[in-house]
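Examination of the molecular architecture
Chain by chain, the residues run as shown.
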Amino acid sequence: MRLIAGAQGSRVQLDGKEVLLLCSNNYLGLASHPALKAASAAALEQGTGSGAARLVSGNMELHEQLEERLAAFKGTERALLFNTGYAANTGIISALVGRGDTVFSDRLNHASIVDGALLSRATFVRYPHCDTAALEKLLSEKRGKGRCLIVTDGVFSMDGDIAPLAALVGLARRFDALLMVDDAHGSGVLGATGRGSGELCGVTGGIDVQMGTLGKGFGSFGAYAAASAEICDYLVNKARSFIFSTSLPPAVLAASLAAIEVVDSAEGARLRDQLARNAVLFKTRLEQAGFDTMGSQTQIIPVFVGPAETTMEFSQLLLEEGIFVQGIRPPTVPAGSCRLRCTLMATHTEEEIAEAAEKIISVGKALHVI
Ligand SMILES: *Cc1c(COP(=O)(O)O)cnc(C)c1O
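Nothing here was measured: the structure is a model prediction, and the numbers come from that model.

1. Quick word on the sheet that holds strand β14 (residues 338-343)
Backbone-to-backbone hydrogen bonds pair the strands of a sheet. The strands run either parallel or antiparallel. In space, the three strands of this open sheet follow the order β11-β14-β13, with antiparallel pairing throughout. Single-partner strands in this sheet number two, and they are β11 (300-306) and β13 (326-328). Each strand axis lies, on average, 30 degrees off the axis of its neighbour in the sheet, ignoring direction.

See the structure below:
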């Protein structure tokens, strides 16, 4: 792990040297936004810790305010906070299904979804990436035997492509399955008003559980399930990562509330536009130079390399050039599909994007990747 000094801006001090940051999920730059910092500082008057799990010592007002705001933002009856996205996925999935049920999971889903499915003891069926025809076949074979849960990343975290949500909603209806979407990388970022991949695909109403995180685009920390009152009540009673863990502290809750206000404002719309422009600029330049960006449709832009060794050398050489981007290898991605995972932020300038692209191109040529 590297040592970073300073806030997660477009440039950071890495092990004492200034580098361009191209691997943060702080997509809108909110992690150092003055409104979030001020809200967080003010909330410290209520103390630093929440003291216990909410079923033990009760809710703080900020827990309830944030859940109400999240439900309004997502257009659901209710929302329930979790401490992290990892805790949300393991808690939600293992609560909703159990032995005798079946989880249908996209092959490229995040590790926390896989862990939730394994923890649930339900039958775990992985379908080929975004292949709704294959999923339909698997669902029809399973019909009538226990509860079915279809779960997918909204935006795939290592590929930057978007799940076929409209088709998944249709399949969930037809086969009487629950549909859960993990929008860790879409929340605050995608859709005209930042509601996420569901908004982008025009299907928010058809998703039973919209899971999202607050530590990426929202620049804070934590996660939530936005769903019906019935599902949220059920999760309060059954999701063990909610029940048996100390709840989020006031400063974090207040930062998340402030983040939603920014996302919902004209400034939020401007940041989303800038992010989308930055992503297109970067991707276009790399594709023109001959790189494979693996079907990315978002601010997550993988640069395909292939072998693990070349990928890690690529990342090291870029660091020497002042560009901080991680090489991704197994077990995070399948063997032979190692890549640089580049993530754009709204706070990158066009000059910084051009600089990063040119350096990736020159190192890519030196390593014969292009
Ligand atoms: C980051 C991520 C998570 C985990 O969220 P944390 O809040 O970081 O624990 C879950 N799902 C996906 C798709 C992610 O990218």
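So, next bit.
2. A few points about the layout of surface pockets
Each pocket or cavity is described by its volume, and for the largest pocket that value is around 500 Å³. N25, H110, H185, G215 and K216 are, among the 27 residues lining the largest pocket, the residues nearest its centre. Contributing elements (two or more residues each) for the lining of the largest pocket: α4 (85-96), β9 (209-213) and β13. Tallying contributions element by element places α4 first for the lining of the largest pocket, with three residues. In terms of residue class, the lining of the largest pocket is built from eight nonpolar, 15 polar and four charged. There are two domains that each give the lining of the largest pocket at least three residues, and those are domain 1 (4-32 + 266-366) and domain 2 (35-263).

3. Section: the UniProt feature "modified residue: N6-(pyridoxal phosphate)lysine" (unreviewed entry) in the chain
UniProt annotation of "modified residue: N6-(pyridoxal phosphate)lysine" (unreviewed entry) refers to K216 when read in the numbering used here. Inspection of the secondary structure puts K216 in the loop between β9 and β10 (223-227). Excluding residues that lie within four positions of it along the chain, K216 makes contacts with N25, N26, Y27, A184 and H185.

4. Quick look at empty space enclosed by the protein
Gaps between atoms show up when a probe of the same size as a water molecule is rolled over them. Within the structure shown, the criterion is met by two cavities of 30 Å³ or more. Each pocket or cavity is described by its volume, and for the largest cavity that value is around 80 Å³. As for the largest cavity, its lining consists of R54, H63, L81, F82, N83, S241, F242, S245, T246, S247 and L248. Within the residue set of the lining of the largest cavity, elements represented by two or more residues are β4 (78-82) and α10 (240-243). Its residues assigned to classes, the lining of the largest cavity comprises four nonpolar, six polar and one charged. By volume, the second largest cavity is sized at about 50 Å³. Considering the residues around the second largest cavity, the lining is formed by K74, V181, D183, R195, S197, G198, I207, Q210 and M211. Residue assignment for the lining of the second largest cavity shows that the elements contributing at least two residues are α8 (197-201) and β9. Taken together, the residues of the lining of the second largest cavity break down into three nonpolar, three polar and three charged.

5. Describing the pattern of salt bridges
Summed over all chains, the structure comprises 15 salt bridges. The salt bridge involving R339 is made with D159; its shortest N-O contact spans 3.0 Å. Taken as a pair, R339 in strand β14 and D159 in the loop between β7 (148-153) and α7 (165-174) lie far apart in primary sequence, 180 residues in all. Since its relative accessible area comes to 2%, R339 is described here as buried. Assessed through its relative accessible area of 10%, D159 is described here as buried.

6. Digging into the pairing of β10
Across a regular strand the side chains alternate sides, sitting on one face of the sheet and then on the other. Counting buried positions along β10 gives five out of five residues, so the element sits mostly inside the fold. In terms of strand pairing, β4 meets β10 through five bridges, oriented antiparallel. Looking across to β10, one finds that A79 is bridged to A226. Pairing between β9 and β10: four bridges, direction antiparallel. Considered in β10, the bridge of M211 is made with A225.

7. A short note on the sheet that holds β7
With respect to topology, seven strands assemble into an open sheet ordered β4-β10-β9-β8-β7-β5-β6, the strand pairing being mixed. Each having just a single partner strand, β4 and β6 (123-127) make up the two edges of the open sheet. Mean inter-strand twist for the sheet, computed between neighbouring axes without regard to direction, equals 20 degrees. Relative to strand β8 (residues 178-182), β7 runs parallel, the two sharing five bridges. Bridging from a neighbouring strand, D153 pairs with D182 of β8. Across the sheet, helix α3 (residues 61-74) is in contact with β4, β9 and β10; its angle to β4 comes to roughly 125 degrees. Against the sheet, helix α5 (residues 111-120) makes contact with β5 (102-106), β6, β7 and β8, and its axis sits at roughly 150 degrees relative to β6, the strand it touches most.

8. Observations regarding the packing of helix α1 (residues 34-43) against helix α11 (residues 250-263)
Geometrically, a packed helix pair is captured by the angle between its two axes and the distance between the axes. It is at 7 Å that the axes of α1 and α11 come closest, and there the two elements cross at 150 degrees. The angle between α1 and α11 falls in the class roughly antiparallel. The handedness of the crossing between α1 and α11 comes out as right-handed. Along its contact with α1, which presents A35, L36, A39, S40 and A43, the element α11 presents P250, A251, V252, A254, A255, A258, A259 and V262. Of the residues in the contact of α1 with α11, the class split is 12 nonpolar, one polar and no charged.

9. Here we look at the site of the ligand
Every one of the 13 residues lining the ligand counts as a neighbour, but G85, Y86, D182, H185 and K216 are closest to it. G85 places a polar main-chain atom, nitrogen or oxygen, 2.7 Å from an oxygen atom of the ligand. Side-chain polar atom of D182 to a nitrogen atom of the ligand: 2.5 Å apart, as the coordinates give it. In the complex, 83% of the free accessible area of the ligand, which totals 380 Å², lies under the protein chains. Put simply, the ligand lies in the largest pocket. Ranked by the residues each element gives to the shell around the ligand, the list is headed by α4, at three residues.

About the cut-offs
- Per chain, residues are indexed from 1 in the order of the written sequence.
- With pLDDT at 70 or above as the cut-off, local features in this predicted model cover only qualifying residues; side-chain atom pairs require 80 or more to be listed or tallied, and sums for whole chains, interfaces and linings still use all residues.
- Note that the side-chain values use all heavy atoms of the structure and ignore hydrogens as well as water.
- Two strands pair under a simple rule: DSSP has to find at least two bridges between them.
- Labels follow the DSSP assignment, with helices taken as runs of H or I lasting at least four residues and strands as runs of E lasting at least two, numbered in each case from the N terminus.
- Here an axis means a line fitted to C-alpha atoms, over the contact stretch when the element is a helix, while the angle between two N-to-C directions is reported on a 0 to 180 degree scale.
- Buriedness of a pocket was judged along seven lines, with at least five required to meet protein on both sides within 12 Å; pockets are open sets of points on a 1 Å grid over the protein atoms alone, cavities are sets where a 1.4 Å probe fits but cannot get out, and lining residues have an atom within 4 Å of a point.
- Grid points are joined across faces, edges and corners, and a volume is the space filled by probe spheres set on the points.
- Ten residue types, Ala, Val, Leu, Ile, Met, Phe, Trp, Tyr, Cys and Pro, are classed as nonpolar, four, Asp, Glu, Lys and Arg, as charged, and the remainder, Gly among them, as polar.
- The domain limits used here are those given by an automatic or database domain assignment.
- UniProt positions are given in the numbering used here, feature names are shortened, and annotations may be inferred rather than shown by experiment.
- Residue contacts are defined here by distance: any two heavy atoms, one from each residue, within 4.5 Å place the two residues in contact.
- Any carboxyl oxygen of Asp or Glu that lies within 4 Å of a side-chain nitrogen of Lys or Arg is treated as forming a salt bridge with it.
- Any residue under 20% of the maximum accessible area for its type is buried, any over 50% is exposed, and the rest in between are partly exposed; the area is computed with a 1.4 Å probe on protein chains only.
- In this scheme, roughly parallel covers angles under 35 degrees and roughly antiparallel covers those over 145, while 65 to 115 is roughly perpendicular and the rest are oblique.
- Definitions for this section: a left-handed crossing has its near helix turned counterclockwise from the far helix by less than a right angle. A right-handed crossing has that turn clockwise.
- Residues are labelled near a given molecule or strand when at least one of their non-hydrogen atoms is within 4 Å of it.
- We define a polar contact as two N or O atoms separated by no more than 3.5 Å, with the added condition that, inside protein, one atom must be a possible hydrogen donor and the other a possible acceptor, whereas residues neighbouring each other in sequence contribute only through side-chain atom pairs.
- Accessibility throughout is a Shrake-Rupley quantity obtained with a 1.4 Å probe, and a residue counts as covered only by protein chains that appear here.
- Think of it this way: if more than half of a molecule's atoms are within 2 Å of a pocket's grid points, that molecule is in the pocket or cavity.

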